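Understanding the architecture of this molecule
Each chain, letter by letter, is given below.
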Amino acid sequence: MKQLRFILSIYKLFKSIKLALVLIGYLVATSILASFIPQGKQVSYYAHEFPSFIYRIIMELGIDNFFRSFLFIIPLGIFFLNLSVCTIDRIITRIRHRALVRPGPDIIHLGLLILMIAGVITLFERREGFIYLAPGDTVDLPNGYTLALKSFAFASYTDGRPKKWTSEVVLTRKGKEKNVHSIEVNKPLKTGAYNIFQYSYKDLSTVTLTDTSGNITSLYPGETLTSGNSVFKFVRVSTDPSGLITVVKETGSSESESNDLLAVFLEMQGKNKGTYKLLKTGKTIGSFTVSDLYPHLETGLNVVDDPGFMPVIIALILIGLGLSVTLIQKRGDTKI
Amino acid sequence: MIATIAFFILLLAVIIQVVFIFKGKNSHDPVSHYLVLSASVLLLIITIYRSITIRFVAVTNTFESLVFFSAFIGLIIFIYKFRAKENAIRFVVFGGTIIALILLMIASSPIAPRTIAPPIPALQSYWLVLHVTFSFIGESFFALSFVSALQYLITKNEEKKLHLEKLTAKLIAVGYPIFTAGALLFGAIWARYAWGSFWSWDPKETWALITWLVYTAYLHARFVRKLRGTLSAVIAVTGFIFTLFTFFGVNFLLSGLHSYA
């Protein structure tokens, strides 16, 4: 009897909306605090940026990685139980009273529960790796897969902002070559085993310049060259006459060896402003002559294996469905 | 130019609203909401024009976002006034128009450059368009609920308080599902396509979640606990302050994946 009373009191506590509101209040307050403390930095960063007393609190309580700390995970776990009991209780009560007229919030709650489970799966089971590949490079992935980069292209707008990055890859398993796939930002490669995202890139191209005395200088993108009163910023090596596109293919391809390579310089007229200059090998810029051009791009790919993906999709569909039902039913409400 | 015309139309609407507020209870303002509607239409024309120019839906920088936000607040003001007619609360219409005007003033400031430019790769996604538009439509309802809750806290008239309390709840109840879909659902899907992860605890994401939790608390307190009164109005006001912080504060105080937004 005593045990039953105890179980009932626990059940009552967890179905309480008051508990939900207290937990929401806690999550709001602590999340605000955490948002002002940079997350996931090196220990030395916190030691340097905060007084020793606050630094110790941050480290002891795991606030440097707050959303993975017990301060966040435990209350979230209690919230999960709270929401589970509330949802079950609500559905049972409605079935008993045959009053299943407003299913929207129940569907949303169910979606949120699945979302939290998916979050836990992702937290423990997600595997990802960031890799940089130059055209022609290959990398072995777990489960017998090999990823090879065939080419990488970068296009920019005329104002210098990036327009597109495209990686052409081949994913093989145990020597069986598959088709060439194209990966762009917002257009990942989805295979049964992995999702591969265009995440970053490195431009390690170089321009070699010779001055009138025969001295040789090499520049990487972003580096500047001074000649008289003019300052020239080396932007990139382009493989296109427009100067806006660079395509680097694996060794032996025409683009990489082409005589049409252009060095793109920005003649500075203020900070990051100026006039673009496109130069072939042998042409001069100020008192320098372009003697060699070497295009070298590396793509940055994020290879992800996340078993939490499907549950998240199911959860998002349920939440979307619940929201739609709620909104449609709300349209008929005249009094609140 | 069009934005400037919209700004002056909104300014005129505000002046007319002030005149009618001072004229007293029995005077009825028949014009200002049509002016607000005209300004909204002009602002949406700006969005359409820029979208055609960049060949993408123009909600990818601060100026475009502010224009869209301001336009939708105006549209909701018009719908509210049009439906409620003489029963519309003047302060809510006036406060909403002021918010739309302030957003346009910010849009014309140096923090929101007007350059018409196509989006960078991370922003070239229709999930982003859904994310931004739904978020701002939801937040437009929150803007009016903020004004309504604020007047609830100021007024002493009990009858008016009852009306304002219901209006606040209704606006949040409509805005919340739209905001949830935009800020959290579509935002998460876009993040997955762009960065390979649904959620990264980026400051903007964290603050969108904080805002959502505040409105979640409001709705549960209001509809389940039947909480009415000062506390519920304070939560509604806080919700919109957090909404604004998510939009402006995070951009300028905290850096992250959304630093360009």
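Being a predicted model, the structure only gives us computed values, none of them experimental. Per chain, the residues get numbers from 1 upward, laid out in the order the sequence is written. Chain letters start at A and ligand numbers start at 1, both assigned in the order the entries are written. Side-chain atom pairs in this predicted model are given and counted only at pLDDT of 80 or more, local residue features only at pLDDT of at least 70, and totals for whole chains, interfaces and linings cover all residues. Note: side-chain values were computed over all heavy atoms of the structure, leaving out hydrogens and water.

1. Concerning the overall build of chain B
Within chain B, the regular secondary structure consists of eight helices and zero strands. Each helix corresponds to a stretch of at least 4 residues labelled H or I by DSSP, and each strand to a stretch of at least 2 residues labelled E; elements are numbered beginning at the N terminus. Of the regular secondary structure in chain B, the N- to C-terminal order runs α-α-α-α-α-α-α-α. Rg of the C-alpha trace for chain B: 18 Å, near the compact-globule value of 18 Å for 261 residues, within the 12% margin. Three exposure classes are used, based on accessible area relative to the maximum for each residue type with a 1.4 Å probe and protein chains only: buried under 20%, partly exposed in between, and exposed over 50%. Taken across its 261 residues, chain B has 62% of its residues classed as buried. Long-range pairs, those at least 24 residues apart, make up 79% of the contacts in chain B with a sequence separation of at least 6. Atoms counted for the radius of gyration: C-alpha only. Globule rule: 2.2 Å times residue count to the power 0.38. Every residue pair with non-hydrogen atoms within 4.5 Å of one another is taken to be in contact.

2. Focus: the interface of chain A and chain B
Facing the 45 residues of chain A at the interface are 47 residues of chain B. A simple way to read buried area is as the amount of 1.4 Å-probe accessible surface that goes missing from two parts once joined, with both sides added. For the pair chain A and chain B, the summed buried surface comes to about 3,800 Å²; carbon and sulfur atoms form 73% of the total. A pairing counts as a salt bridge when a side-chain nitrogen of Lys or Arg comes within 4 Å of a carboxyl oxygen of Asp or Glu. Scanning the region where chain A abuts chain B turns up zero salt bridges. A 3.5 Å cut-off defines polar contacts: any pair of N or O atoms within that distance qualifies, except that in protein one atom must be a possible hydrogen donor and the other a possible acceptor, and neighbouring residues in sequence count only when both atoms are side-chain atoms. The tally of links between chain A and chain B comes to nine residue pairs in polar contact (both at pLDDT 80 or more). Elements that contribute at least two residues to the side of chain A that touches chain B include exactly α2 (17–35), α6 (104–125), β4 (162–173), β7 (195–203), β17 (297–305) and α8 (309–331) of chain A. Across the side of chain A that touches chain B, the residue classes break down as 26 nonpolar, nine polar and 10 charged. Residues are grouped as follows: Ala, Val, Leu, Ile, Met, Phe, Trp, Tyr, Cys and Pro are nonpolar; Asp, Glu, Lys and Arg are charged; all remaining types, including Gly, are polar.

3. Some points on helix α4 (residues 90–107) of chain B
Residue and element names in this part refer to chain B. Taking 1.5 Å of rise per residue, 18 residues should cover 26 Å, and α4 covers 26 Å from first to last C-alpha, within 8% of that figure. Within the span of α4, buried status applies to V92, V93, F94, G95, G96, T97, I99, A100, L101, L103, L104 and A107. On its buried face, α4 is in contact with α1 (2–23), α2 (32–54), α3 (62–84), α5 (126–154), α6 (158–195) and α8 (230–253). Multiplying 1.5 Å by the residue count of a helix minus one yields the expected span of that helix.

4. Some thoughts on the sheet that holds β7(A)
At least two DSSP bridges between two strands are needed for those strands to be called paired. Reading across from one edge, β1-β17-β7-β6 (chain A) is the order of the four strands in this open sheet, with antiparallel pairing throughout. For this open sheet the edge positions go to β1 (127–133) and β6 (189–190) of chain A, each flanked by a neighbour on one side alone. Inspection of the sheet shows β1(A) paired to β17(A) by seven bridges, in the antiparallel sense. Following the sheet pairing, A:L133 is matched in β17(A) by A:T299. Helix axes are fitted to C-alpha atoms over the stretch in contact, other axes to C-alpha atoms as well, and angles between N-to-C directions run from 0 to 180 degrees. On the sheet, α6(B) packs against β6, β7 and β17 of chain A and is oriented at approximately 55 degrees with respect to β7(A).

5. Section: the sheet that holds strand β11 (residues 230–238) of chain A
All names here are of chain A. What the four strands build is an open sheet, ordered β10-β11-β13-β14; its pairing is antiparallel. Either end of the sheet is taken by a strand with one partner, and the two such strands are β10 (224–227) and β14 (274–279). In this sheet, neighbouring strand axes are inclined to one another by 30 degrees on average, regardless of whether the strands run parallel or antiparallel.

6. Looking at the confidence of the model for chain A
Low pLDDT marks stretches whose predicted atomic positions should not be read closely. Here pLDDT means the predictor's own confidence in every residue, given as a number from 0 to 100. Mean pLDDT over chain A: 89, with 95% of residues reaching 70 or higher. Element-level pLDDT for chain A is lowest in helix α7 (residues 254–257) of chain A, with a mean of 48, against a maximum mean of 95 in α2(A).

7. Thoughts on the environment of A:Q269
Looking at the secondary structure, you find A:Q269 in the loop between β13 (262–268) and β14. Along the primary structure A:Q269 and A:S230 are separated by 39 residues, whereas in three dimensions their C-alpha atoms are 8.8 Å apart.

8. Here's the deal with the pairing of strand β2 (residues 138–141) of chain A
Residue and element names in this part refer to chain A. Burial along β2 is one-sided: V139 and L141 are buried, while T138 and D140, pointing the other way, are not. In this structure, β2 lies alongside strand β3 (residues 145–156), joined through four bridges in antiparallel fashion. For L141, the partnering residue across the bridge sits in β3 and is Y145. The antiparallel hairpin formed by β2 and β3 contains three residues in its connecting segment, where N143 sits at a positive phi of about 70 degrees.

9. What to know about α6(A)
Taking 1.5 Å as the rise per residue, α6(A) with 22 residues should run 32 Å; its terminal C-alpha atoms sit 31 Å apart, in good agreement. Along α6(A), the residues that are buried comprise A:G104, A:D106, A:I107, A:I108, A:H109, A:G111, A:L112, A:L113, A:M116, A:A118 and A:T122.

10. Considerations on the pattern of salt bridges
A complete count under the given rule lists 13 salt bridges over all chains for this structure. Between B:R222 and B:E165 there is a salt bridge; the shortest N-O distance is 2.7 Å. With B:R222 in helix α7 (residues 203–223) and B:E165 in helix α6, this pair connects stretches of sequence that are 57 residues apart. We classify B:R222 as buried; its relative accessible area is 1%. Look at B:E165 and you get buried, because its relative accessible area is 7%. Salt bridges linked by common partners bring A:R90, A:R94 and A:D106 together as one network.

11. Some points on the nonpolar core
Ranked by internal contacts, the top residues of the largest apolar core, which has 141 residues, are A:L147, A:I196 and B:I73. Ranked by residue count, the leading element in this core is α6(B), at 20 residues. Non-local contacts of B:I73, meaning those with residues more than four positions away in its chain, are made with B:G96, B:I99, B:A100, B:L103, B:S140, B:A143 and B:L144. In this text, buried Ala, Val, Leu, Ile, Met, Phe, Trp, Tyr and Cys residues form a nonpolar core when linked through side-chain atoms within 4.5 Å.

12. Examining the pairing of β11(A)
Residue and element names in this part refer to chain A. With respect to burial, β11 is a largely interior element, seven of its nine residues being buried. With antiparallel pairing between neighbouring strands as the criterion, β10 and β11 make up a hairpin whose turn holds two residues, including G228 at a positive phi of roughly 65 degrees. Note: β11 against β13, six bridges, orientation antiparallel. Paired with F234 across the bridge in β13 is F265.

13. Concerning the packing of aromatic side chains
Aromatic rings from Phe, Tyr and Trp, with only the six-membered ring used for Trp, were paired whenever their centres fell within 6.5 Å, and each pair was classed as stacked if the ring planes differed by under 30 degrees, edge-to-face if by over 60, and tilted otherwise. Following the criterion strictly, the structure yields 37 aromatic pairs over all chains and no others. Aromatic side chains B:F146 and B:F240 sit 5.1 Å apart centroid to centroid with 35 degrees between the ring planes, which places their arrangement in the tilted category. Of this pair, B:F146 sits in helix α5 while B:F240 sits in helix α8, placing them 94 residues apart in sequence. Take B:F146 and B:F240: they sit in the same class, and that class is buried. In this structure an aromatic cluster arises from ring pairing among A:F66, A:F67, A:F72, B:W199 and B:W201.

14. Considering a positive patch on the surface
Positive charge collects at one region of the surface, where A:R173, A:K174, A:K176 and A:K178 lie side by side. Checked against the element boundaries, A:K178 lands in the loop between β4 and β5 (180–184). Patch membership is restricted to residues that have no salt bridge and whose relative accessible area is over 30%. Joining uses 9 Å for like charges and 5 Å for the nonpolar side chains Val, Leu, Ile, Met, Phe, Trp and Tyr. Only the protein chains shown count as cover for residues, with accessible areas throughout obtained via the Shrake-Rupley method and a probe of 1.4 Å. His is not counted, nor are the chain ends, whereas Lys and Arg count as positive and Asp and Glu as negative. Where a charge lies is defined by one atom per residue type: Lys uses NZ, Arg uses CZ, Asp uses CG and Glu uses CD.

15. Brief notes about the environment of B:T62
Residues and elements named next belong to chain B. Following the sequence through the fold, T62 ends up in helix α3. According to the relative accessible area criterion, T62 is buried, its value standing at 13%. Along the backbone, T62 and A112 are 50 residues apart, and their C-alpha atoms lie at a distance of 5.3 Å.

16. Here we look at the confidence of the model for chain B
Mean pLDDT over chain B works out to 92, with 97% of the residues at or above the 70 mark. ipTM for the predicted complex: 0.90, alongside a pTM of 0.90.

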